[in-house]
Amino acid sequence: AGHFQLSIRTRFARFNFACLAHTSPRVSTMAEKFVGIDLSVCNTVVSCSSKDEPSAVVVAVNDVSNRSTPAAVGFDGKMRLVGESAETRISQLPKQVVNALPAILGSTEAARANYARFGCLWNFTEDGRIGPMSFGVRDDLTLHPSSVLAPLLQTLVSYAAGDAVMGLKPGDEGSVQNFELAISTPDGWSDAELSALRGAIDILGWKPEMTHVLPYSAALATGYAARFGQKLGADEEKRVVVFVDIGYSQTSISVAKFMPPAADAENKELAVDASSCSDETLGTHAFCASLLQHVNKQIEGKGQEVVKLASKRGARLLTALQKSVKELSMLKDTTLGLECFFSDEGDLKVELNRGQFEEVIKPNMDALVALVQRALTEAGVTAEEVHSVELVGGGMRIPRVQTLLSEIFPSPKEEGEEEAAADSTGKAVSKRLRFSLDGASAVASGAAHYAAGRRGLKAKWDLSAQTSALGDDKALAECREVEAWMAKVNSEEQLRLAKGNELESYIFQVRNMLSGPDRALLKPETTEPLVEEASRWFEDAHYDETTTLQVYEERLAGLRSALEEHGAAYYEKKAKEHDAKEKMLDAAAAAERQRRQDAGMDVDKDDRKMAKSERMKMATKNKEEGNSVFKAGNLEDAAARYQRALQHINKFYMLDLSPDEKAEADAVTLSIQLNLANVFLKIAATVEKDQGKEKAEEVYKKVKFATEEALKIDADNVKAKFRKASAMEKLGDLDGAVKEVKSALKMDPENADLVKLKEKFDKLQAAQTAKAKKIYGKMFG
């Protein structure tokens, strides 16, 4: 597709800046959850809040605890994969995984152009349908884009509103929609994309009046207002804020003018006049495409075959290029390396540096500058009038982007002020460039605030009045029928595979029992052949899709029955050992209670005897209570409840646990330790302010201990490393803190909090170095 630009100029009547931040939002009486979705081409993000605390917007993690979810839907046998699970299958099933889904919701012409632009490999018909795909018993399945978008939206909302969302049935009187949804999309969306979105909402049977659609620019303005809802300063007659959103597929520049109300206005609160311009072809994907051309020239120069984006190798190289762009935002050079990349199994290795990268993306940067200037012109403001520039999106950390924006919006000159700090290129970064919004979640969070009732700006689009792309009721009924069938096939397959996994786990468990000291009690001469026969059968059966759920259930029940019959003596001994262990624990607990009573100690300690399930329920309950009181600002109570939850977990660990039970306990413990570290960080900050640094050190040590416990479970946990680094810096170990931040940035280079912390540490190290030089200069002066 050729390069083109879309300009959207929208004036929002009565955008109430102060109202968005301070007054009670107008919420639906039906909604328990308010959900915001950033529906991006590559990765989507979900944020949400509850009816009880509509202003407390948080990012909802997905099923693998990631903050972003790929906009992909795949079909593997009888399984429908959404998000992360679909993305991981692209290399194995390129024709069966629909990626870049939001990009193909428009007109057939625009969809085919984006299909080529993003190097999609799945099948796409001439009339704009997705397929043919193989799923269930069908090899000729073709779907309307709305039918593929529907399960993606359903899954995303379930991350925020719970699994009950998956059970909503169109036309079912008993189905109640308990959430209000706001979906934020590119400013350049046309009627065609909106119609496809309306079709997906109709397929799911959600209420269009409880689903809102707003452009990225509106979501950012809403999020900005919710976070910085202060009135204008005493010397301000107008505040102009520019939002620069450089995403994966597009870039939008929006200009918002915050002004006092007119003298005769009934509503004496801030108003805003806003406009935006967008380029639907300018984004980090375009930067990677430019870099791909540079890499192909080097490949061709070595006599090797150039790489096409629309290929398996192209998809693999694109992922590596995205990583290289992130690395070149932090480092001056990097190596792009892929093993066994070429058809002859040869490796790909290309040395890249920032200078090369900036040269190949020069046309993109020229387009960015032109877009900014155009946005200012259409808004009727000059660069000098701009109060601040908020950067968001994946391209916000690219040094060349910051340099160009700094040239357009230089720091205001104030008498006696020192020069602005330089970036990694040595050029000064303007003080007007701001990163106060979380670049990855700002759009989703703004949408969640909008869903919760913060609607001071007039809606640009009305989904309830939007015509569906599906056309008539007959087409909708057909799509709903296909959706119900796909959901049923997928659900049955999930249950079947889960039962197969349960059988396999039981086989491994019995083998371990037969390898233990009480092997003889299981009558191995009888039971071992049974187990081996079951294992051989499973090795064949789990590759055979005709093995039904019922067959797995019968096999598992039969094997268990046989083991319990022939190994009755074994199970009887284990039951006695379990009872003896429980009695020992009870006696130890009674002795401890007596000791504490004799010593006059009165500490909340739970010594109740509970089943494993009850113990885990109590741990989870205490954890959730801690979350609630933490949100309410009661830090000491939150810490006490988290510690109580850990007491339950520690008792849970003392019981005989299966691998799955231990994994569940590890996950809950990790969450509690992370929450506890966060609470102690806030308590420590208060203690340091009120009682001094020395008193606060004891609390910061608790933060460090909690994070170290979390890292024992997940050595690569970014949150744990961030909080540990924060505590280590306060405890005087700046080098150790820097090491933790650098380690975390390798795993999450775009994490705004980590980047800010690294910048803070860099300044502290620079100050320490300067101080040391000064001291040595005096010593040897």
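Conventions and cut-offs
Residues numbered from 1 in each chain as written. Predicted model: local features only at pLDDT ≥ 70, side-chain atom pairs only at ≥ 80, totals over all residues. Heavy atoms only, no water. Helix = DSSP H or I, 4+ residues; strand = E, 2+ residues; numbered from the N terminus. Buried < 20%, exposed > 50% of the residue type's maximum accessible area, 1.4 Å probe, protein only. Contact = heavy atoms within 4.5 Å. Areas by Shrake-Rupley, 256 points an atom, 1.4 Å probe, with all protein chains shown as cover. Core = buried A, V, L, I, M, F, W, Y, C linked by side-chain atoms within 4.5 Å. Salt bridge = Lys/Arg side-chain N within 4 Å of Asp/Glu carboxyl O. Expected span 1.5 Å × (residues − 1). Pairing = 2+ DSSP bridges. Axes fitted to C-alpha atoms, helices over the stretch in contact; angles between N-to-C directions. pLDDT = per-residue confidence, 0-100. Patch = residues over 30% accessible without salt bridge, like charges linked within 9 Å, V, L, I, M, F, W, Y side chains within 5 Å. Lys, Arg positive; Asp, Glu negative; His and termini not counted. Charge placed at Lys NZ, Arg CZ, Asp CG, Glu CD. Phe/Tyr/Trp six-rings, centres within 6.5 Å; stacked < 30°, edge-to-face > 60°. Lys NZ or Arg CZ within 6 Å of the ring centre and 35° of its normal. Right-handed = clockwise from strand over helix to strand, strands pointing away. Parallel < 35°, antiparallel > 145°, perpendicular 65-115°, else oblique. Left-handed = near helix turned anticlockwise from the far one by under 90°. Nonpolar A, V, L, I, M, F, W, Y, C, P; charged D, E, K, R; others polar. Polar contact = N/O pair within 3.5 Å; in protein donor to acceptor, adjacent residues only side chain to side chain.

Engineer: Honestly, the overall build of the chain in this entry has me stumped. Any pointers?
Structural biologist: A tally of helices and strands in the chain yields 23 helices and 19 strands. Buried positions account for 49% of the 781 residues belonging to the chain. Intrachain contacts of the chain at a sequence separation of at least 6 include 68% that bridge at least 24 residues. A total of about 37,900 Å² of accessible surface is found on the chain, and carbon and sulfur atoms cover 50% of it.

Engineer: Help me understand the nonpolar core, please; the structure alone is not making it clear to me.
Structural biologist: The nonpolar side chains of a soluble globular protein tend to be buried, and buried together. Core analysis: the largest hydrophobic core is formed by 115 residues, its most contacted members being Leu153, Trp206 and Phe409. With 28 residues, the next largest nonpolar core counts Ala619, Leu646, Leu676 and Phe680 among its residues.

Engineer: Help me out: how do you make sense of the environment of Ser275 in this one?
Structural biologist: As for its position among the elements, Ser275 is in strand β15 (residues 271-279). For the pair Ser275 and Ser217, spaced 58 residues apart in sequence, the C-alpha to C-alpha distance is 8.4 Å.

Engineer: In this structure, what is going on with the pattern of salt bridges? I would like to understand it.
Structural biologist: Working definition: two side chains of opposite charge can pair if their charged atoms are close together. Within this structure, the stated rule accounts for 35 salt bridges. Between Lys499 and Glu502 there is a salt bridge; the shortest N-O distance is 2.9 Å. On the criterion of helical spacing, the pair formed by Lys499 and Glu502 is a turn pair, its members being three residues apart in helix α13 (residues 473-514). Ionic contacts of the salt-bridge type, sharing partners, join the residues Lys704, Glu708, Lys721, Lys724 and Glu740 into one network.

Engineer: It is not clear to me how helix α8 (residues 312-328) should be interpreted in this structure. Could you clarify?
Structural biologist: Counting along an α-helix, one turn takes 3.6 residues, and residues three or four places apart therefore face a common direction. For α8, with 17 residues, the first-to-last C-alpha span of 25 Å sits near the 24 Å given by 1.5 Å per residue. Listed in full, the buried residues belonging to α8 are Gly314, Leu317, Leu318, Ala320, Leu321, Ser324, Val325, Glu327 and Leu328. On the buried face of α8, the contacting elements are α7 (284-301), β16 (333-338), β17 (348-353), α9 (354-360) and α11 (399-408).

Engineer: Please explain the sheet that holds strand β8 (residues 97-98) as it appears in this structure.
Structural biologist: Sheets are built from strands paired through backbone hydrogen bonds, the pairs being either parallel or antiparallel. Across the sheet, three strands lie side by side as β7-β6-β8; this open sheet has antiparallel pairing. With partners counted over all chains shown, the strands left at the sheet margins are β7 (79-82) and β8, one partner each. Looking at chain direction, strand β6 (residues 73-76) and β7 are connected through four bridges and run antiparallel. When the sheet's bridge partners are listed, Phe75 is paired in β7 with Arg80. Lying on the sheet, helix α4 (residues 145-161) is in contact with β6, β7 and β8; it crosses β7 at an angle near 65°. Sheet strands touched by α13: β6 and β7. Its angle to β7, the strand with the most contacts, is close to 100°.

Engineer: Please clarify how the confidence of the model for the chain should be interpreted in this entry.
Structural biologist: Note: predicted coordinates in regions of low pLDDT should not be interpreted at a detailed level. Here the chain averages 85 in pLDDT, and 88% of its residues register 70 or above. In the predicted structure, residues 1-27 sits below a pLDDT of 50 and forms 97 contacts with residues beyond four places in sequence or in another chain. In the model, residues 415-422 has pLDDT below 50 throughout and makes 13 contacts with residues more than four positions away in sequence or in other chains.

Engineer: Teacher, can you tell me more about unusual backbone geometry here?
Structural biologist: Comment: phi is negative for the bulk of residues other than glycine, and the bulk of peptide bonds are trans. In the segment running from Gly131 into Pro132, the intervening peptide bond is cis, with an omega of 5°. For Cys340, which is not glycine, the phi torsion reads 50° and is therefore positive. Accessibility expressed as a relative area gives 43% for Cys340, which makes it partly exposed.

Engineer: Mind showing me how you'd approach a negative patch on the surface here?
Structural biologist: On the surface, Asp472, Asp473, Glu478 and Glu481 cluster together into a negatively charged patch. Relative to the helices and strands, Glu478 resides in helix α13. A relative accessible area of 44% means that Glu478 is categorised as partly exposed.

Engineer: What's the story with the packing of aromatic side chains in this structure? I'm lost.
Structural biologist: Counted by the stated rule, this structure contains 12 aromatic pairs. Ring centres 5.0 Å apart and planes at 80° place the aromatic pair Phe179 and Trp206 in the edge-to-face group. Placement of the pair is Phe179 in strand β11 (residues 179-185) and Trp206 in the loop between α5 (191-204) and β12 (211-215), with a sequence separation of 27 residues. By relative accessible area, Phe179 is classed as buried at 0%. By the ring-pair criterion, three or more aromatic residues cluster together here, those being Phe75, Phe135 and Trp485. The ring of Tyr115 is capped by Arg112, whose NZ or CZ atom sits 6.0 Å from the centre of that ring. The positively charged end of Arg560 is found above the aromatic ring belonging to Tyr506, 5.0 Å away from the centroid.

Engineer: Whenever I open this one, the environment of Asn490 confuses me. Can you help?
Structural biologist: Take Asn490: it is sitting in helix α13. Between the alpha carbons of Asn490 and Leu81 there is a distance of 8.8 Å; along the sequence they are 409 residues apart.

Engineer: Which parts of the structure should I look at to understand the pairing of β11?
Structural biologist: Note on strand geometry: in a regular strand, side chains alternate between the two faces of the sheet. Among the seven residues in β11, seven count as buried, and that is most of the element. Residues Phe179, Leu181, Ile183 and Thr185 point to one face of β11 and Glu180, Ala182 and Ser184 to the other, with burial holding for every one of them. Sheet analysis places strand β2 (residues 33-38) next to β11, joined by six bridges and oriented parallel. Considered in β11, the bridge of Gly36 is made with Ala182. Of the strand pairs in this sheet, β11 and β12 are connected by five bridges, and their pairing is parallel. Each residue of the ladder has a partner; that of Thr185, found in β12, is Pro215. Note on the crossover from β11 through α5 to β12: the handedness is right-handed.

Engineer: It is not clear to me how the packing of α13 against helix α14 (residues 524-541) should be interpreted in this structure. Could you clarify?
Structural biologist: How two helices pack is summed up by the angle between their axes together with the distance between the axes. Where α13 contacts α14, the two axes come as close as 10 Å, and the packing angle between them is 150°. By the angle between their directions, the pair α13 and α14 is classed as roughly antiparallel. Helix-helix and strand crossings are classified by hand; for α13 and α14 the assignment is left-handed. Counting all contacts with α13, which are made through Gly500, Leu503, Glu504, Ile507, Val510, Arg511 and Leu514, the residues of α14 involved are Pro524, Thr527, Glu528, Val531, Glu532, Ala534, Ser535, Trp537 and Phe538. Along the lines of polarity and charge, the residues of the contact of α13 with α14 split into nine nonpolar, three polar and four charged.

Engineer: Where do I start with the side chain of Ser47 in this structure?
Structural biologist: Mapped onto the secondary structure, Ser47 falls in strand β3 (residues 43-50). For Ser47, the side chain forms a polar contact with the side chain of Ser445, separated by 3.2 Å.

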